[in-house]
Amino acid sequence: MKNSVKLVMCILLLLVLVQGVQAVETYVFVTKWGTQGTGNGQFNYPYGVAVDSLGNVYVADRLNNRIQKFSSSGTFLAKLESSGSGDEQFFRPDCIAVDSSGNVYIGDASNERIQKFSSSGTFLTKWGSSGAGDGQFNIANGVAVDSSGNVYVADTANHRIQKFSSSGTFLTKWGSYGSGDGQFNHPCDVAVDSSGNVYVADTDNARIQKFSSTGIFLAKWGSGGSGDGQFNNPYGVAVDSLGNVYVADGLNYRIQKFSSTGTFIAKWGSYGPGDGQFEGTPRVAVDSSGNVYVADMYNYRIQKFEIQIATPTPTPTPTTIATTVLTTVSTTAVTTNPTTTSTTIPPTTTQTTAITTGQTTSLTTVPTISQTTITTATPKPTATVNYSATIAAMQSQIAEQNARITEQGNILNQIINFLRTVFGWK
């Protein structure tokens, strides 16, 4: 009997697992900040966005030639603001990244260089010049930093990725113009996951390419269009702590989320000025809690979103399991001349439990039927007979049979209670 119960439970659990319920990820609007202007917290084409380990948000305020720093809720904290080509000056900064120590790397695009600052805004170093040689750039349009402090730059018009040490020493490069694996057509952004894999927004090829830290091609996904997994000018790319990839799908005015292998997970956004709408999405960033920040360029603002996981209600699928417990017919005939007593216990009827693997459960248990018939013939015998002992023996047998039936009923009730506990049935 115990083995039968275990078998029934295994079947039930397997049915639930096979049926399965997929959680649906959606992203909900949390807050926004920014308007058009030159004041603190205002923007003139916010292009790049990045988040440090403390949740502070950095924005490359492109046409104001400055970097602004905010709390995770949008409170203005600090800025680096000066137009020009000198140290700590900017000319149309397009991109920004922050390493694990809080150092800030800025793609000073029109000055064709990378500038590095401390978290407090102190200038540390710079590298780059205009050209196609190693360490030179033709629009440094995307920047990312790995866990070892290595810096990757999307050298857009040179159609390549360059890799540097944290101090700007050239390490390696890969890419050329084209549409083949490892080739690029104006790559606009780059991101690195915790394992050192490099993701490139291959903008004019309408795809994402994935590489090892040394530039070995690993995978790609995407094509031109507006369907799931398709892109229209993917300008920005970011990776969260779980390795999920977020793409700023620029002219589709949305954000798309993928697994590290390119499986589509979620999307949100549409064209417009409302909450959750965009008018240009050049960059996206993700903090350690999974909150997503989007540079909504032509709406002159930053929007923040958080994940919301909903489990859809499955369509109930009735599953009926018939559990039959047979009790052998027991007939006891006791003859005491001239009295005959016959006791008959019929088999236990079939018990059927209907279980629905959804949110509603219908449980039906047919009661066990037990019948005892005692017939005593007449006349009474002339001999002295101990009727009490005989009847007591029969009653003992009946009680034993009833105890077995009760035990079987208790086992079924335990199964039902277990299912209610595991699946949350009421």
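Residues numbered from 1 in each chain as written. Predicted model: local features only at pLDDT ≥ 70, side-chain atom pairs only at ≥ 80, totals over all residues. Heavy atoms only, no water.

What to know about the sheet that holds strand β8 (residues 113-117)
Each strand in a sheet pairs with its neighbour through backbone hydrogen bonds, running either in the same direction (parallel) or in the opposite one (antiparallel). Read across the sheet, 4 strands follow the order β6-β7-β8-β9 without closing on themselves; strand pairing throughout is antiparallel. Here the strands that pair on one side only, and so sit at the sheet edges, are β6 (95-98) and β9 (123-127). Averaged over all neighbouring strand pairs, the angle between strand axes comes to 20°, with direction disregarded. Bridge analysis of strand β7 (residues 104-108) against β8 gives 5 bridges, and the strand direction is antiparallel. In the sheet register, Asp 108 faces β8, and the bridge partner there is Arg 113. (Pairing = 2+ DSSP bridges. Helix = DSSP H or I, 4+ residues; strand = E, 2+ residues; numbered from the N terminus. Axes fitted to C-alpha atoms, helices over the stretch in contact; angles between N-to-C directions.)

Thoughts on unusual backbone geometry
Backbone geometry places Asn 65, a non-glycine residue, at a positive phi of 50°. Among the secondary structure elements, Asn 65 is positioned in the loop between β3 (57-61) and β4 (66-70). Unusually for a residue other than glycine, Ile 139 sits at a positive phi of about 75°. For Ile 139, the position within the fold is in the loop between β9 and β10 (140-145).

Here's the deal with the sheet that holds strand β17 (residues 217-221)
Taken together, the 4 strands give an open sheet; going across it, the order is β14-β15-β16-β17, and neighbouring strands pair in antiparallel fashion. With one partner strand each, in any of the chains shown, β14 (187-192) and β17 form the two edges of the open sheet. For this sheet, the mean angle separating the axes of adjacent strands, direction not counted, is 20°. Sheet topology note: the strand β16 (residues 207-211)/β17 ladder contains 4 bridges and is antiparallel.

Digging into the environment of Gly 142
With respect to the secondary-structure elements, Gly 142 resides in strand β10. The spacing of Gly 142 and Cys 188 is 46 residues in sequence and 5.7 Å in space, taken between C-alpha atoms. Residues in contact with Gly 142, not counting those within four places in the same chain, are Cys 95, Tyr 152, Val 153, Ala 154, Cys 188, Asp 189, Val 190 and Arg 283. (Contact = heavy atoms within 4.5 Å.)

Topic: the confidence of the model for the chain
Taken residue by residue, the chain gives an average pLDDT of 82. The fraction at 70 or more is 69%. Ignoring residues within four places in sequence, the model shows residues 1-22, a span with pLDDT below 50, making 23 contacts including any to other chains. This model gives residues 347-383 a pLDDT under 50, and the stretch forms 94 contacts once residues within four places in sequence are excluded. (pLDDT = per-residue confidence, 0-100.)

Structural notes on the side chain of Asn 111
Along the chain, Asn 111 falls in the loop between β7 and β8. Judged by its relative accessible area of 17%, Asn 111 falls in the buried class. Polar contacts involving the side chain of Asn 111 include one to the main-chain carbonyl oxygen of Gly 84, which spans 2.9 Å. With residues near it in sequence (within four places) discarded, Asn 111 still touches Gly 84, Ser 85, Gln 89, Phe 90 and Phe 91. (Buried < 20%, exposed > 50% of the residue type's maximum accessible area, 1.4 Å probe, protein only. Polar contact = N/O pair within 3.5 Å; in protein donor to acceptor, adjacent residues only side chain to side chain.)

Thoughts on the packing of aromatic side chains
Considering all chains together, one arrives at 24 aromatic pairs under this definition. Geometrically, the ring pair formed by Phe 70 and Phe 76 is edge-to-face, given 6.0 Å between the ring centres and 75° between the ring planes. By relative accessible area, Phe 70 is classed as buried at 1%. With centroids separated by 5.9 Å and ring planes inclined at 45°, the aromatic side chains of Phe 90 and Phe 117 adopt a geometry described as tilted. In this pair, Phe 90 is assigned in the loop between β5 (76-81) and β6 and Phe 117 in strand β8, connecting sequence segments 27 residues apart. An identical accessibility class is assigned to Phe 90 and Phe 117; each is buried. Here a set of aromatic residues connected by ring pairs shows up, and it is made of Tyr 27, Phe 29, Tyr 246, Trp 268, Phe 278 and Phe 305. A cation over an aromatic ring shows up here: Arg 62 above the ring of Tyr 47, its NZ or CZ 4.6 Å from the ring centre. (Phe/Tyr/Trp six-rings, centres within 6.5 Å; stacked < 30°, edge-to-face > 60°. Lys NZ or Arg CZ within 6 Å of the ring centre and 35° of its normal.)

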